[in-house]
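The residues making up each chain are set out below.
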Amino acid sequence: MSGVERFMQNGRGPLMFVLFVACAVAFVWHTSSGLPALVASHFGPSGAANGFMPHAFYVRFMIAFVIGLPTLMVFVTWQVLGGSKVRINLPNRNYWLAPERCAETIAFLRAGVIWFGGLLVTFLCYVHWLVIAANRVRPPHLAGPWLIGGLVAFLVVLLIWLKVLLGHFRARARPIIQGDLAR
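Presented here is a report on the structure given in the accompanying data block. (Residues numbered from 1 in each chain as written. Predicted model: local features only at pLDDT ≥ 70, side-chain atom pairs only at ≥ 80, totals over all residues. Heavy atoms only, no water.)

1. What to know about the overall build of the protein chain
Note the threshold: Numbering of helices and strands starts at the N terminus; helices are DSSP runs of H or I of at least 4 residues and strands are runs of E of at least 2. Categorising residues by exposure relies on relative accessible area from a 1.4 Å probe, with only protein chains included: less than 20% of the type maximum marks a residue as buried, more than 50% marks it as exposed, and the intermediate range marks it as partly exposed. Contacts are residue-level and defined by heavy atoms, with any inter-residue pair within 4.5 Å sufficient. To measure how exposed things are, a 1.4 Å probe is used in the Shrake-Rupley method; for residues, cover is taken only from the protein chains shown.
Scanning the protein chain from N- to C-terminus turns up seven helices and two strands. Secondary structure of the protein chain in N-to-C order comes out as α-α-β-β-α-α-α-α-α. By residue count, 38% of the 183 residues in the protein chain fall in the buried class. Considering only intrachain contacts with a sequence separation of at least 6, the fraction spanning at least 24 residues in the protein chain is 70%. For the protein chain, the exposed area adds up to about 11200 Å²; of that, 70% sits on carbon and sulfur atoms.

Take a look at the structure:
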């Protein structure tokens, strides 16, 4: 049994994700205390505020969003991957889903999904932090370059994650050739 498989089967993966989400909720709750009674929560292309929410509603909405979207994505995918009739499309599918490797493959995919969920939680907290910063100036103004920079960073890390995930399934399934044994 691999380290990833043990990590996922003993419940540490989901527990770590739940703890990470709980920390994110604490971050949103704590940092929201300095927001005004009417929070600028939507911004136009120029960064000017064009939508507002009452403070209490914004905090509840943001907490629900930070909990709901990543958790739904992680746990629905988690359940689907555990289904007996799961249809997974990945490189070298027959090799990776062979009975002797299927459990480890599912554990690796589940670990990847949890990692992505953590990345999504981090990005949502970053957006919340930008909203806090936007509400500190009058009139409220979102720093567009910081939002674009955060989005680009999120997408770059996402692409690296996908490359690692897919690379795992391509590299290990390579057939052994005679020259490889001599090395």
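2. What about the packing of helix α2 (residues 12–31) against helix α3 (residues 55–82)?
Quick reminder of the rule: Here an axis means a line fitted to C-alpha atoms, over the contact stretch when the element is a helix, while the angle between two N-to-C directions is reported on a 0 to 180 degree scale. By the definition adopted for this analysis, an angle is roughly parallel if under 35 degrees, roughly antiparallel if over 145, roughly perpendicular if from 65 to 115, and oblique otherwise. Crossing handedness follows the turn of the near helix against the far one: under a right angle anticlockwise gives a left-handed crossing, and clockwise gives a right-handed one.
It is the contact of α2 with α3, at a shortest axis distance of 9 Å, that shows an interaxial angle of 165 degrees. Classified by the angle between their axes, α2 and α3 sit roughly antiparallel to one another. Handedness of the crossing formed by α2 with α3: right-handed. Every residue of α3 that contacts α2 at P14, F17, V18, V21, A24, V25, V28 and W29 is listed here: V59, M62, I63, V66, I67, P70, T71, V74, F75 and W78.

3. Structural notes on the side chain of T105
Looking at the secondary structure, you find T105 in helix α5 (residues 102–135). Overall, the relative accessible area of 1% leaves T105 in the buried class. In this structure, T105 is in contact with L90, W96, L97 and F169, ignoring residues within four places of it in sequence.

4. Comments concerning the pairing of strand β1 (residues 38–43)
Short version of the rule: Any two strands with at least two DSSP bridges between them are considered paired.
By the bridge criterion, five bridges tie β1 to strand β2 (residues 49–54) in an arrangement that is antiparallel. In the sheet register, H42 faces β2, and the bridge partner there is G51. The hairpin formed by β1 and β2 contains five residues between the paired strands, and G47 there has a positive phi angle of roughly 95 degrees.

5. Considerations on the pattern of salt bridges
What counts is decided by this rule: One speaks of a salt bridge when a side-chain nitrogen belonging to Lys or Arg is within 4 Å of a carboxyl oxygen belonging to Asp or Glu.
All told, the structure shown has one salt bridge when counted by the stated rule. Between E100 and R101 there is a salt bridge, and its shortest N-O distance comes to 3.2 Å.

6. Regarding a nonpolar patch on the surface
Selection rule: Residues enter patches when their relative accessible area tops 30% and they take part in no salt bridge; the joining distance is 9 Å for like charges and 5 Å for the nonpolar side chains Val, Leu, Ile, Met, Phe, Trp and Tyr.
Taken together, I148, V152, V156, I160 and V164 make up a surface patch of nonpolar side chains, about 440 Å² in accessible area. Position of V164 among the secondary structure elements: in helix α6 (residues 144–171).

7. Quick look at α3
Counted only if it meets this: Under the convention used throughout, the expected extent of a helix is 1.5 Å for every residue step, that is, one less than its residue count. The reported bend at a residue is simply the angle between two axes, fitted to the 7 residues ending at it and to the 7 residues beginning with it.
In this model, α3 (28 residues) spans 40 Å end to end at C-alpha, consistent with the 40 Å of a helix rising 1.5 Å per residue. A bend of about 25 degrees at T71 is the largest found in α3. All of the buried residues in α3 are Y58, V59, M62, I63, V66, P70, V74, W78 and L81.

8. Notes on the nonpolar core
Operational definition: In plain words, nonpolar cores are sets of buried Ala, Val, Leu, Ile, Met, Phe, Trp, Tyr and Cys residues tied together by side-chain atoms within 4.5 Å.
Within the largest apolar cluster, 44 residues are counted, with the highest numbers of intra-cluster contacts made by Y58 and V66. Where this core is concerned, the elements lending two or more residues are α2, β1, α3, α5 and α6. Ranked by the residues each element gives to this core, the list is headed by α5, at 16 residues. Among all residues touching Y58, those that are not within four sequence positions of it are S32, L35, V39, S41, M53, H128 and V131.

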